Amino acid sequence: MMRTAGKVTGDVFKSLAEFIKPGISTMDIDQHVESMIVKAQMIPAFKGYGGFPGSACVSVNEEVVHGIPSKDRILKEGDIVSVDIGTIYKGYYSDAARTFAVGNISKEARELIDRTEESFYAGIALARAGARLGDISHAIQEKAESYGYGVIRDFVGHGIGRNLHEEPPIPNYGKAGKGPRLQEGMVFAIEPMISMGSFETETLLNDWTVVTVDGSLAAHYENTLVIRDGEPELLTL
Ligand code: MG
């Protein structure tokens, strides 16, 4: 059921890659996401979660996570936009995020997006039965910091399943060889949030939108995965 939920989430991102362009609003993205999820007869997991108003978190440029969709926020050429979504199928959750380019973006912004994804893959290369959770955290941190980037501390990955957020928290920084041992059948959402500058964040007065304190660009890449036959299987591609 999580595989089925995850497939729809992955399909939404494929569609967004075509949909996102200069001139659309962050609300347009939210509506597109919601209509695809509902059409697939699933439930948007974020809508109403903790009072969040949208089906997608849409975070532009220095916004790290939890951006509230707005019809007044118009994307322009050169922006980067992170979209985080979740689906529920028969009570089981998927959760994933991607960062998209809006039209032509700077070389530095492109590298940030690509390297954030790269740091995710550096982490899940170690997501095998018998490894420690800290092995994943450490590998993500090491890869991201090798580029001089900041690894966001205030928000982390998590277990997932019958709830959106389950134990344990999965930081994108930490020590190898520490933490719980990974076991067959465990399901996680692993989600590096990486900034071009400092890792410090603050939350705007709307109580949701998280931004980098120094205003530097941030990117987000996330998939839900299961440890199956000892190896990671990504459910949200
Ligand atoms: Mg998540």
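All values derive from a computational prediction rather than experimental measurement.

(A) Region of the structure containing the environment of Y92. As for its position among the elements, Y92 is in strand β5 (residues 92-101). With 70 residues separating them in the primary sequence, Y92 and R162 have C-alpha atoms 4.8 Å apart. Excluding its chain neighbours within four sequence positions, the residues that come into contact with Y92 are M1, M2, A5, T87, G161 and R162. Reaching out from Y92, the side chain makes a polar contact with the side chain of R162 at a distance of 3.0 Å.

(B) Expanded view of the coordination of the magnesium ion. Surrounding the magnesium ion are the protein donor atoms D95 (OD), H158 (NE2), E191 (OE) and E222 (OE), which sit 2.1 to 2.3 Å from the metal. Donor residues for the magnesium ion, ordered by position in the chain, follow D-x62-H-x32-E-x30-E. A residue pair is termed long-range when its members are at least 10 positions apart, and E191 in the loop between β9 (187-190) and β10 (193-195) and E222 in the loop between β13 (218-220) and β14 (223-228) qualify at 31 residues. Judged by its relative accessible area of 5%, E191 falls in the buried class.

What counts, and where the lines are drawn
- Residues numbered from 1 in each chain as written.
- Predicted model: local features only at pLDDT ≥ 70, side-chain atom pairs only at ≥ 80, totals over all residues.
- Heavy atoms only, no water.
- Helix = DSSP H or I, 4+ residues; strand = E, 2+ residues; numbered from the N terminus.
- Contact = heavy atoms within 4.5 Å.
- Polar contact = N/O pair within 3.5 Å; in protein donor to acceptor, adjacent residues only side chain to side chain.
- Donors = N, O, S within 2.8 Å, 3.2 Å for Na, K, Ca; no water.
- Buried < 20%, exposed > 50% of the residue type's maximum accessible area, 1.4 Å probe, protein only.

Purely geometric numbers; function is a separate question.
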